[in-house]
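Residue-level structure breakdown
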Amino acid sequence: MSTKNSHLHSYPRFLWHAVRLATAGSLGFYAWMTVLTAVALVGLHAWASQTASGMVLTHMTDQVSWGLYIANFTFAVGLAAGAVMMVIPAYLYHDEDMHDLTIIGELLAVAAISVCLMFVVADLGRPDRFWHMIPLIGRFHWPISMLTWDVLVLNGYLLLNLHICGYLLYMRFLGRRANPKWYVPFVFLSIGWAISIHTVTAFLYSGLGGRPFWNSAILAPRFIVSAFVSGPAFIVAILFALQRFAGLPVGNGPIKTLTRIMQVTLPIDLFMVGSEVFTEFYTGGAHVSAAKYLYFGLHGKSALVPWIWTAIACNVVALFLLMRGDVYQRPKRLLTAAGLAFVGLWIEKGMGLIIPGFVPSTLHELVEYRPSLVEWQIAAGVWAAGLLILSAALKIALPVLQGTLAAHSAERHPGGSSAS
Amino acid sequence: MSEIEHPLGENRQPEAPENATRRKLMLGAAATLGTAATARAIAPLMDWKPTTSLAGFLQRHYKELTTLEKKDICARLEAETKAQYGADVHIADPQAEPGVGFAYALNLSICIGCRKCSEACHQENNHDRPSGNSYIRVIEMEQGSLDLERGNTTYDHPVPRKGNYYLPVQCQQCDNAPCVKVCPVEATWKEQDGIVVVDYNWCIGCRYCEAACPYHARRFNWKKPEIPAAEINPNQAYLANRIRPQGVVEKCHFCLHRTREGRLPACLEACPTGARVFGNLNDKESEIRWVIENKRVFVLKEELGTLPRFFYFFDK
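Because the structure is a prediction, the values reported are computed rather than measured.

When you go through chain A residue by residue, the secondary structure sums to 15 helices and 0 strands. Against the 2.2 N^0.38 benchmark of 22 Å for 420 residues, chain A shows a C-alpha radius of gyration of 22 Å, consistent with a compact globule. Along the first, second and third principal axes, the C-alpha atoms of chain A reach 70 × 55 × 40 Å. Scored against the burial criterion, the 420 residues of chain A give a buried share of 58%. Accessible surface, chain A as shown: approximately 16600 Å² in total, 70% of it carbon and sulfur. Chain A carries 25 positive and 18 negative side-chain charges, and their two centres are separated by 9 Å.

Written out as structure tokens, the structure reads:
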């Protein structure tokens, strides 16, 4: 009874403290958050206009009925799933260095899922009817519709990660040792769950018989592998940023592990893409039309050709840069590789995957799609909002990270300086 | 050490009072500016009137409504149409007749590709005028090929042209409909008489059905449909041709507001060559039954297992 009361008292204090931590910082931090807020507001304004005037403000059509929003949604699901690549080494392979930092991956998952959900809402023609999709209140077409599965796994993953991060931070706030039984089972559940979110998202597309470009069993494995490139790539960038701007002594261990992961997953991803390209082009016939349109253009229409070759160039150069044993010790080279792979996969699994599913259309009409200004504004706004969430969350977790790293450093090097 | 133990705790260094005041002022200013900017950003939503009433917002799924509730809703929609479009319309809710299973057949040998069916659909179903929307798309095909890749939907020349035949495509009312399967909120379903319908007041506009349909049968309302009052067909039904709201998906419903009343679809009546045959497949004396029993009919994309109720055949 008394513990309950004390939580009622201390939890709001914890939340208030988190808000304070997230809103206090250096001038640089304020500048960064202000820019993100501005971009997010531009996106919000564009979304408000789109909701009021209709999706006629986008360049989507009845032929290409999904565009930039769903492309970004798909990629962001991968980012959320890829964040688990900090949790797996830490909890399954007992990588102690990584263990200290896993909360970064979990916070990234929270931010990335928020991005996914915002993109889904941006894509709805009737956001006011969102409640129709809520189980028990609306009319949830489960288990038949894959989209209902996606609603479940994405929100479940969000709740899991919110719980894990929230519990650990709250315990630190109370100055108590976290009880493993309140978070370790959830961590293990989140590992399986991470795989499920991107598998289900792949099944959204691969289960459609009328879209030969997506109707491929390799889609889910491809999604997972590419997520294990884009996730680690983004985390490497976060770690360098935290080291540079927050003075967090990250150390080489986690960066080395994440680099090793990318060294394996990026070639596998390219191999899978290559296998698809072979199957499409060697088989020929009607199945190859979408791939032809994507890579070379079809009947004079070639809007996606520059996109996909940019993606290929990015990924191949990233692969070349990564294929060096000591790349993890060369921050510039590593960051360039991570950045290129991130952009490459954003195209490959975004626009490069969604749009060819619709071109040619099911009646083989060739209607091209280029996102409108409103779509770009909304997409930029959603990503800015995601970065805003991530920055605030990292800011809140930073004292914990610094404390843990310092304590472990002191344990491992007794008598030595606490900084690495 | 206490800082390590309580990194989130409240044992921080106290701020100098003047710094604290400055910080508060700055944060206050930022919060005010942020609120003002947010209000400005969402201002366009003030013009957004998705429904005219709370009842519209809270309306349940069609299948959960009682007959009386449906009546009220139809009356409300009639009033909305009057207010927004200036037209007096009647919105009925004809039900599927037990034992009836509708099917359609189309004689490709005599279709001349005139698109009269498409035009009739446009008028009958109160489609958006500026976009020229219709549930029917006519493909000009090459003689000797069923490859849609070699077809053309945007032909603009006198028809029929030598060396071509014409393939009108609309909703195939599949018995194993991919669109029904994927809908996350059951806003679209198959009725007893075989017609796949949409509850326009329940659809959330995710367009998953549009991605799933192999026949390009579905259309999305990218904006609020525009129709002059004089051109509005007042004979409407809830699950059929009433004017659709912005942001929802629609599709061919075999003109159920006509066919459930014993009339024929508008596209059939408009066809100048008699290429179209419609009827109750369960009626052994029906023309559609005769066609399916005596002609070598086929369905589009049979390999997908969608089991269409729309059949095609060649006469010669």
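The tally for this structure, following the rule as stated, stands at 26 salt bridges over all chains. For Asp 88 of chain B, the salt bridge is made with Lys 82 of chain B, and the minimal N-O distance between the two is 3.4 Å. When its relative accessible area of 61% is taken as the criterion, Asp 88 of chain B is described as exposed. Each of the salt bridges in this network shares a partner with another, and the network as a whole consists of Arg 139 of chain A together with Arg 60, Glu 64 and Glu 186 of chain B.

Geometrically, the link from Val 359 of chain A to Pro 360 of chain A is a cis peptide bond, its omega value of -5° lying close to zero. Looking at the element boundaries, Pro 360 of chain A is found in the loop between α14 (351-354) and α15 (373-412). The omega angle of the peptide bond from Val 159 of chain B to Pro 160 of chain B is -5°, so this bond is cis rather than trans. Structurally, Pro 160 of chain B can be placed in the loop between β3 (137-142) and β4 (164-169).

To continue, consider helix α13 (residues 331-348) of chain A. Residues and elements named next belong to chain A. Here α13 contains 18 residues, and its C-alpha end-to-end distance of 25 Å stays within 8% of the 26 Å for a straight helix at 1.5 Å per residue. For α13, the set of buried residues is Leu 334, Ala 337, Ala 338, Ala 341, Phe 342, Gly 344, Leu 345, Ile 347 and Glu 348. Against α3 (68-82), α9 (219-245), α10 (252-283), α12 (305-322) and α14 lie the buried residues of α13.

Attention now moves to the environment of Asp 123 of chain A. Positionally, Asp 123 of chain A belongs in helix α6 (residues 102-123). Remark: the alpha-carbon pair of Asp 123 of chain A and Trp 142 of chain A, spanning 19 residues in sequence, is separated by 21 Å. When residues no more than four places from it in sequence are discounted, the contact partners of Asp 123 of chain A are Met 55, Met 60, Trp 66, Tyr 69 and Ile 70 of chain A together with Gly 205, Cys 206 and Arg 207 of chain B.

In this section: the packing of aromatic side chains. In total, this model carries 42 aromatic pairs over all chains according to the counting rule given. Aromatic ring contacts, followed pair by pair, group Phe 102, Tyr 104, Tyr 165, Phe 254, Phe 278, Phe 298, Phe 310, Tyr 312 and Phe 314 of chain B into a single cluster. It is Lys 349 of chain A that lies over the ring of Phe 223 of chain A; its NZ or CZ is 5.5 Å from the centre. Positioned above the aromatic ring of Phe 220 of chain B is the side chain of Arg 207 of chain B, whose terminal nitrogen or guanidinium carbon lies 5.0 Å from the ring centre.

Residue and element names in this part refer to chain A. Secondary-structure assignment places Leu 266 in helix α10. Accessibility expressed as a relative area gives 0% for Leu 266, which makes it buried. Distance from Leu 266 to Met 86, taken between C-alpha atoms, is 17 Å for residues 180 residues apart in sequence. Sequence-distant contacts of Leu 266, that is, excluding residues within four places in its chain, are made with Val 229, Asn 315, Ala 318, Leu 319, Leu 322 and Ala 341.

The rules behind each value
- Residues numbered from 1 in each chain as written.
- Chains lettered and ligands numbered in written order.
- Predicted model: local features only at pLDDT ≥ 70, side-chain atom pairs only at ≥ 80, totals over all residues.
- Heavy atoms only, no water.
- Helix = DSSP H or I, 4+ residues; strand = E, 2+ residues; numbered from the N terminus.
- Rg over C-alpha atoms; globule rule 2.2 N^0.38 Å.
- Buried < 20%, exposed > 50% of the residue type's maximum accessible area, 1.4 Å probe, protein only.
- Areas by Shrake-Rupley, 256 points an atom, 1.4 Å probe, with all protein chains shown as cover.
- Lys, Arg positive; Asp, Glu negative; His and termini not counted.
- Charge placed at Lys NZ, Arg CZ, Asp CG, Glu CD.
- Salt bridge = Lys/Arg side-chain N within 4 Å of Asp/Glu carboxyl O.
- Expected span 1.5 Å × (residues − 1).
- Contact = heavy atoms within 4.5 Å.
- Phe/Tyr/Trp six-rings, centres within 6.5 Å; stacked < 30°, edge-to-face > 60°.
- Lys NZ or Arg CZ within 6 Å of the ring centre and 35° of its normal.

So far we have only geometry, and geometry alone does not tell us how the molecule works.
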